[in-house]
Amino acid sequence: MTTCPFHQPLLDLDNFTHGTPREAIADLRRQHRMLWQDDALNGGHWLVLHKADIETLLRDPATFSSSFGPLLEDFPPELLEMQRQAMTFMDPPRHRSRRALVDYAFRKDVLDARKPMMQAKVAEIIDGIIDRGECEFVSEVAMHLPVHVIFTLLGIQKSDYDFLVRAINTMTLANDPDYAGDRAEGFAASASLVAWAAQFAAKRRKAPGDDLTSELLRAEVDGRQLSDEEFAVVFQGIIIGGTETTRNTLSWLIYELIQHPGQLARLQADPALVPAAVEEILRYRNTVVYTRRTAMRDVAFAGENIRQGDKMICLLASVNRDPEVFERPDEFDISRDPDLTRRNMRTFGFGVHACLGQHQARLNLEMMMQEILSRMDSFRLLAEPVHFRSNFMDGFKQLRIGFERR
Ligand code: HEM
């Protein structure tokens, strides 16, 4: 068994205070096919570093199951039982029918109808800051469109936004003391979100509206309707998947364009490059660092003997900077062929759980970027950005920028 000889890049959260430690991950990838790290959480876990191995693993849910969740940390047993109603925690064949319930709402061909609503919001977001010449980009710009799109689709009232956004932050960023004392507080936030959503479902059942929530509650899965609690867990998956990730990606894009003025100038001169810039930031700064699967039996894999119960941590961040997958992987370059980048990056995972919101995410990012480029100019950092202290989600807590009206 190969064990990590020198440090534990994924376990020491101080390694994540300036984003994903990509150099350390590159070192590990150069030296190992896969490696074992001891941890205080549950004995240890495997780090899977190479694209082909990650794909083989994610393609085999019977051997490598999602049923213990996507996080390095184990869920407490009572919460795990509840979370197993979420598609993220399901394996086929059950996963298929649950995913089919929501998949259609995020298919590429249904997004066009959503564009006018999104365009109105995009304009409103920039109207809100344009006269000031400066803003805290994460909270004043990047988070608003993804939250608005998902919450509007689900029929959530504006008065509930704050509670839900706080709960999402606490859950996904529980490693960061600014959001939660520890992972347990994150798990508690998850339980309170699910309880809120179950009540929301009960109300909507009595008074349905024209929204995804009412459709989900009406739909039949395997011959019956979802219970309020089952709905709540599906709801949780959609709002978590759809908000943090996209806001972090947009923040990274602005940051990298400020760091690379030549590329910003090219984008400003030719906004048709926006989709390529979006693809490149998705590759270069993938915000979901890893996903986990759990071995369901003893099995030989990637030259190692895996034991039943072993945690397999698939480092998506490793694939996107692998020189065997991308030329000059550590260069941010918006002139890459976006189709090639899209095919090879693993930002959105792989296999049956590959992100169902990826078309929506791209559309959010492209529409925001078009609006920003058409109305703003002369971007600059006003302060050192503040990163999350998380080994799961890569993004900023604060990104203060200055700009001029274009
Ligand atoms: C840049 C933005 C996004 C990134 C980086 C991202 C990343 C990911 C990744 C890596 C997975 C796979 C997790 C796994 O295999 O365990 C995933 C799944 C998922 N994503 Fe996204 N996502 C993004 C945007 C969205 C949006 C906008 C939605 C809105 C609906 C969404 C909803 C979901 C859902 C529901 C799943 C679970 C799918 C399943 O288990 O079958 N995501 N996402």
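Residues numbered from 1 in each chain as written. Predicted model: local features only at pLDDT ≥ 70, side-chain atom pairs only at ≥ 80, totals over all residues. Heavy atoms only, no water.

Asks: I keep staring at the side chain of S65 and nothing clicks. Help me out?
Replies: Examined against the element boundaries, S65 turns out to sit in strand β3 (residues 64–65). The buried category is assigned to S65, whose relative accessible area is 1%. Of note is the side chain of S65, whose polar atom sits 2.5 Å from the side chain of D91. Filtering out sequence-adjacent residues up to four positions away, S65 remains in contact with D91, R293, T294 and M296. (Helix = DSSP H or I, 4+ residues; strand = E, 2+ residues; numbered from the N terminus. Buried < 20%, exposed > 50% of the residue type's maximum accessible area, 1.4 Å probe, protein only. Polar contact = N/O pair within 3.5 Å; in protein donor to acceptor, adjacent residues only side chain to side chain. Contact = heavy atoms within 4.5 Å.)

Asks: Would you mind showing me how to read the coordination of the iron atom of the ligand here?
Replies: Reference values for angles at a metal are 109.5 degrees in the four-donor tetrahedral case and 90 or 180 degrees in the six-donor octahedral case. The sole protein-derived ligand of the iron atom of the ligand is C355 (SG), positioned 2.3 Å away. For C355, the location among the structural elements is in the loop between α15 (338–344) and α16 (358–375). (Donors = N, O, S within 2.8 Å, 3.2 Å for Na, K, Ca; no water.)

Asks: Honestly, the sheet that holds strand β14 (residues 400–405) in this entry has me stumped. Any pointers?
Replies: Consider a sheet: its strands pair through backbone hydrogen bonds, and that pairing is either parallel or antiparallel. Strand order in the open sheet formed by 3 strands is β4-β14-β11, and the pairing between neighbours is antiparallel. Because the sheet does not close on itself, it has two edges, and the strands there are β4 (134–136) and β11 (376–381). Between one strand axis and the next, the sheet turns by 30° as a mean value, whatever way the strands run. Here 4 bridges tie β11 to β14, and the two strands are oriented antiparallel to one another. By the bridge assignment for β14, L381 is matched with I401. Strand contacts of helix α11 (residues 228–259): β11 and β14, with the helix running at about 85° to β11, the strand carrying the most contacts. (Pairing = 2+ DSSP bridges. Axes fitted to C-alpha atoms, helices over the stretch in contact; angles between N-to-C directions.)

Asks: Any chance you could explain the environment of L145 here in plain terms?
Replies: Note on placement: L145 falls in helix α7 (residues 144–154). Among residues more than four places away in sequence, those in contact with L145 are M118, K121, V122, I125, N364 and M368.

Asks: Sorry, what's going on with the pattern of salt bridges here?
Replies: Applying the stated criterion across every chain yields a total of 35 salt bridges. Among the salt bridges present, the one from D27 reaches R30, with a minimum N-O distance of 2.7 Å. Of this pair, D27 and R30 both sit in helix α1 (residues 22–31), 3 residues apart, which is roughly one turn of that helix. A residue is classified by how much of its surface remains accessible, and D27, at 27% relative accessible area, is partly exposed. Residues joined in a network through salt bridges with shared partners are E279, D339, R342 and R362. (Salt bridge = Lys/Arg side-chain N within 4 Å of Asp/Glu carboxyl O.)

Asks: Help me out: how do you make sense of α16 in this one?
Replies: Because the α-helix completes a turn every 3.6 residues, residues three or four places apart line up on one side. Between its first and last C-alpha atoms α16 spans 26 Å; for 18 residues at 1.5 Å apiece the expected length is 26 Å, and the two agree. When you tally the buried positions in α16, you get 13 out of 18 residues, the bulk of the element. (Expected span 1.5 Å × (residues − 1).)

Asks: How should helix α5 (residues 115–127) be read in this particular structure?
Replies: With 13 residues, α5 extends 18 Å between its outermost C-alpha atoms, agreeing within 8% with the 18 Å of an ideal straight helix rising 1.5 Å per residue. Looking at the buried side of α5, the elements it contacts are α6 (137–142), α7, α16 and β11.

Asks: Honestly, the packing of α7 against α11 in this entry has me stumped. Any pointers?
Replies: Packed helices, taken two at a time, are described by the angle their axes make and the gap between the axes. Where α7 contacts α11, the axes come no closer than 8 Å and their chain directions differ by 160°. As summarised for this structure, α7 and α11 are arranged roughly antiparallel, according to the angle between their axes. Like other packed secondary-structure pairs, α7 and α11 cross with a definite hand, here right-handed. Here P146, V147, I150, F151 and L154 of α7 come into contact with α11, specifically with F235, I238, I239, G242, T243, T246 and R247. (Parallel < 35°, antiparallel > 145°, perpendicular 65-115°, else oblique. Left-handed = near helix turned anticlockwise from the far one by under 90°.)

Asks: Teacher, can you tell me more about the confidence of the model for the protein chain here?
Replies: A low pLDDT means the predicted coordinates there should not be read in detail. For the protein chain, the mean per-residue pLDDT works out to 93, and 98% of the residues sit at or above 70. Scored below 50 in pLDDT, residues 2–6 shows 16 contacts in the model against residues more than four places distant or in partner chains. (pLDDT = per-residue confidence, 0-100.)

Asks: Before we go on, may I ask you to explain unusual backbone geometry in this structure?
Replies: Most peptide bonds are trans, and most residues other than glycine sit at a negative phi. In this structure, P93 follows P92 across a cis peptide bond, with omega equal to 5°. Inspection of the secondary structure puts P93 in the loop between α3 (77–83) and α4 (94–103). Residue R328 is not a glycine yet carries a positive backbone phi of 40°. Mapped onto the elements of the fold, R328 is located in the loop between α14 (316–319) and α15. For S378, which is not a glycine, the phi torsion comes out positive at approximately 50°. Within the secondary structure, S378 sits in strand β11.

Asks: Would you take a moment to explain the nonpolar core for this structure?
Replies: Most often, soluble globular proteins have nonpolar side chains that are buried together. Within the largest apolar cluster, 134 residues are counted, with the highest numbers of intra-cluster contacts made by F137, F151 and I372. In terms of residues, this core owes the most to one element, α11, which gives 15 residues. Sequence-distant contacts of F137, defined by excluding residues within four places in its chain, comprise A142, L250, S251, I254, I372, L399 and I401. (Core = buried A, V, L, I, M, F, W, Y, C linked by side-chain atoms within 4.5 Å.)

Asks: Honestly, the site of the ligand in this entry has me stumped. Any pointers?
Replies: The full set close to the ligand counts 26 residues, and H95, T291, R293, H353 and C355 are the nearest of them. Contact between the ligand and T291: an oxygen atom at 2.6 Å from a side-chain N or O atom of the residue. Measuring from an oxygen atom of the ligand, one finds a side-chain N or O atom of R293 at 2.8 Å. When contributions to the shell around the ligand are tallied by element, the ones reaching two or more residues are α4, α11 and β7 (290–295). Ranked by residues supplied to the shell around the ligand, first place goes to α11 with 5 residues. Each residue belonging to the shell around the ligand can be placed in one class, and the counts come to 11 nonpolar, 13 polar and 2 charged. (Near = heavy atom within 4 Å. Nonpolar A, V, L, I, M, F, W, Y, C, P; charged D, E, K, R; others polar.)

Asks: What should I look at first to understand the pairing of β7 in this one?
Replies: In regular strands, side chains alternate between the two faces of the sheet. With 6 of its 6 residues buried, β7 lies for the most part within the structure. Here β3 pairs with β7 via 2 bridges, running antiparallel. Of the residues in β7, the one forming a bridge with F64 is A295. As paired strands, β7 and strand β10 (residues 311–315) are joined by 5 bridges and run antiparallel to one another. When the bridges of β10 are listed, R292 appears paired with I313.

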